[in-house]
Each structure stands twice: as structure tokens, then as C-alpha cells.
Amino acid sequence: MTSPPEDPSPLPDEDDREAALQRLQEAYADERISHEEMDERLGRVLTATTRSDLASALSSLPDEHPGTTSTIAAAGGRIRRRGAWRVPRVLEVGSAYGRVRLDLSRAVIEYPVVDIELRLGTGGARITVPRDAVVDVEGLHTGWKDLRYKARRRSRSGGPKIWISGTMGFGRLKIRHAWR
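Below, the structure is looked at part by part. All values reported here derive from a predicted model rather than from experimental measurement. (Residues numbered from 1 in each chain as written. Predicted model: local features only at pLDDT ≥ 70, side-chain atom pairs only at ≥ 80, totals over all residues. Heavy atoms only, no water.)

Section: the sheet that holds strand β11 (residues 161-168)
The line we're drawing: When DSSP finds two or more bridges between a pair of strands, those strands are recorded as paired. What counts as a helix is a DSSP run of H or I of at least four residues, what counts as a strand is a run of E of at least two, and both are numbered from the N terminus. Throughout, an axis means a line fitted to C-alpha atoms (over the contacting stretch in the case of helices), and angles, computed between N-to-C directions, take values from 0 to 180 degrees.
If you trace the 5 strands from one edge of the open sheet to the other, you get β1-β4-β7-β11-β9, paired in parallel fashion. Across the chains shown, the open sheet's two edge strands, defined by having one partner strand only, are β1 (69-74) and β9 (134-142). Between one strand axis and the next, the sheet turns by 10° as a mean value, whatever way the strands run. With 7 bridges connecting them, β9 and β11 associate as parallel partners. For His141, the partnering residue across the bridge sits in β11 and is Thr167.

Quick word on the environment of Arg44
Condition: We call a residue buried when its accessible area falls under 20% of the maximum for its residue type, exposed when it is over 50%, and partly exposed in between, using a 1.4 Å probe and counting protein chains only. Contacts are assigned to residue pairs that have any heavy atoms within 4.5 Å of one another. N or O atoms closer than or at 3.5 Å make up a polar contact, with two conditions inside protein: a donor-capable atom paired with an acceptor-capable one, and, for residues adjacent in sequence, both atoms drawn from side chains.
Relative to the helices and strands, Arg44 is located in helix α2 (residues 35-46). For Arg44, a relative accessible area of 33% corresponds to the partly exposed category. Along the backbone, Arg44 and Leu58 are 14 residues apart, and their C-alpha atoms lie at a distance of 9.3 Å. Excluding residues that lie within four positions of it along the chain, Arg44 makes contacts with Ser56 and Ala57. There is a polar contact of 2.6 Å between the side chain of Arg44 and the backbone oxygen of Ser56.

See the structure below:
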């Protein structure tokens, strides 16, 4: 007996829907979309039954504020961010070889959703997220090694949602929640 194929586009949770609504509201407040377009997109977000429905409602949305995407790159060596650093809305991390250490436990996170896009060749990565963060690793493709992440059983609402995507060649990604 074969199992049914998994749905590639799971149901959106309340955090996904809330993040989409906030993005629409920001676009309208910044006058990047008209009132009519806001109404039409709101209807699509509120009636979305899959994550792909949510994505299509936001797909042609004008770009967010400039400066909300940052890139950290190194050909080799170590990439490290820790302490009270400001986390952008989208963080792109690229390294041909070497270790990556991102500690978001004391970082200033101004956005409800943060996208971290990894482009790593060889070498491992370790990401420490805030205690109440929700982590989604569905968009990450690993090569030779696997991903080490154990989701928290209970997470308090109000924490940021961290989307981790991209590709990793020969390194291992370890994700852990901060103790405090």
C-alpha cells in the first residue's frame, strides 16, 4: 500500500496570514499600492487555503523599503554575527568555504518575519534563534550533510518567524533556540 503524496503547499497558519496582511498594510501605507488593489489583495489573503495562494496574493507587490536586504559574503574564513546587531528583513549569507555563525538571540529584530537565505559551499553553519522564535526550514536544500534542528514543543506567540532557505553543499546546519 502506498501513502498518498504530500501536499507541496501546506495550509497557511495564522502567523503566515498575519505576516501577509502586515506586508499589504505597509505597502498601502507607503502608497506603493492603491486602495482598490489593497481591497482585492486583502480578499485573496483572507480566503487563501494554501501557502501558494498567499504567495500569489503578494507576488507582484512592489518592493519593500530599500535597505531591508543585506548580504554577508566571504570566499573563505569565518562569518560571525553576534550581540546586539540589527537583523534585516532579508539576510543573504554566502560562503564558498568556511564557517558561518549567526546568533540572533540578542539581535534587534524589527520584523515579524525574517528570511535568511544561505548559499554555502563547504563548511558548516550554526544559527541561534531567540527562545520564542518559530523556525521554518522547508526551503533549505542540503547536499552531503543533513540539517540538525529540533523544533520547540511550545513556543510563545509574539516571537519572530524565521524562514531559512537556500542551498548547502558539504556542510551541516545546526539551529538551536537560545536558553534565555
